[in-house]
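As a plain string of letters, each chain reads:
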Amino acid sequence: PLLLAKPLLNHKSVNLTKEAERAIRSASKKPSPLLLGDDFPWTLWDFQAKDAGAGLQILETTGGVLFSGEMGTGKTTIALAVAHHMDLFPLLVVAPLSAFSTWERQLGEMGKSTYLCVGNAQKNWEELSKNDYDAIVISFDRLGTFDEILRGKHFEGIIADELQRIRTPGSRRSRAIRAFASA
């Protein structure tokens, strides 16, 4: 609601607290492009920096943000730019298996220790029990299976890649990620 509340500031019949007025002004200000230092391995294109800046403002206001766009527009890089800017590590990435190599490569280029939760479930469980990583990449289907151990990892951020895979609210995948994100 804050993102759309700016018209309330001009209505004399609406009494807002100073706190509400500040929150509305902050949420409705024009976002600045996200500028990153030399410690981020990529230079964002202008449109990516603008999207990252807008996404950052939405994330700070609402607690979540959805980046959408055509394949190849750099949504993964934009999400990682925001995670880097906000220092959202350790990070949980929930993605389809087909995207694991991209996440592994890009997180590696950032210098982040990364664990891909693939293969033998018992081996994964043992590895996650013994070690901490900057990022864990897991599939939507495995999230529920590893819920207990992942909850103990205290992630600073969650990125759900290819979110359309959980479009059915009652599905096991959808319930698992919503339960994890709300904890």
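Counting of residues starts from 1 at the beginning of each chain's written sequence and follows it residue by residue. Selection of residues for local features in this predicted model requires a pLDDT of at least 70, selection of side-chain atom pairs for listing and counting requires 80 or more, and totals for whole chains, interfaces and linings are taken over all residues. The side-chain values count all of the structure's non-hydrogen atoms but skip hydrogen atoms and water molecules.

Attention now moves to the sheet that holds strand β3 (residues 135-138). In this analysis, strands are considered paired if DSSP registers two or more bridges between them. We count a stretch as a helix when DSSP gives it H or I for four or more residues in a row; a strand needs E for two or more, and each element gets its number in order from the N terminus. A sheet is described by the order of its strands in space; here four strands give the open sequence β2-β3-β1-β4, paired in parallel fashion. Two strands bound the open sheet, and with one partner strand each, they are β2 (114-116) and β4 (157-160). The mean angle between the axes of side-by-side strands here comes to 15°, regardless of whether they run parallel or antiparallel. Relative to β3, β2 runs parallel, the two being bridged by three bridges. Directly across from Thr114, in β3, lies its bridge partner Ala135. Angular values range over 0 to 180 degrees, each being the angle between N-to-C directions of two axes fitted as lines to C-alpha atoms, with helices fitted over their stretch in contact.

The subject of this paragraph is the pairing of β3. Side chains of β3 alternate between two faces, with Ala135 and Val137 and Ile136 and Ile138 buried alike. As paired strands, strand β1 (residues 91-94) and β3 are joined by four bridges and run parallel to one another. In the strand pairing of β3, Leu92 is matched with Ile136. Place the viewer so that the strands point away; then a crossover is right-handed whenever the path from the first strand over the helix to the second strand goes clockwise. Regarding the hand of the β-α-β motif, the stretch spanning β2, helix α5 (residues 121-130) and β3 is right-handed. Working definition: with a 1.4 Å probe on protein chains only, accessible area under 20% of the residue-type maximum means buried, over 50% means exposed, and in between means partly exposed.

Among buried residues, those of type Ala, Val, Leu, Ile, Met, Phe, Trp, Tyr and Cys that are joined through side-chain atoms within 4.5 Å constitute a nonpolar core. Formed by 28 residues in total, the largest nonpolar core has its most connected members in Leu80, Leu91, Val93, Trp103, Leu107, Met110 and Val137. Secondary-structure elements contributing two or more residues to this core are α2 (46-62), α3 (75-86), β1, α4 (100-109) and β3. It is α3 that provides the largest number of residues to this core, a total of six residues. Discounting residues that sit within four places of it in the chain, Met110 has contacts with Phe40, Pro41, Trp42, Leu80, His84 and Phe89. The contact criterion used throughout is that any non-hydrogen atoms of two residues lie within 4.5 Å.

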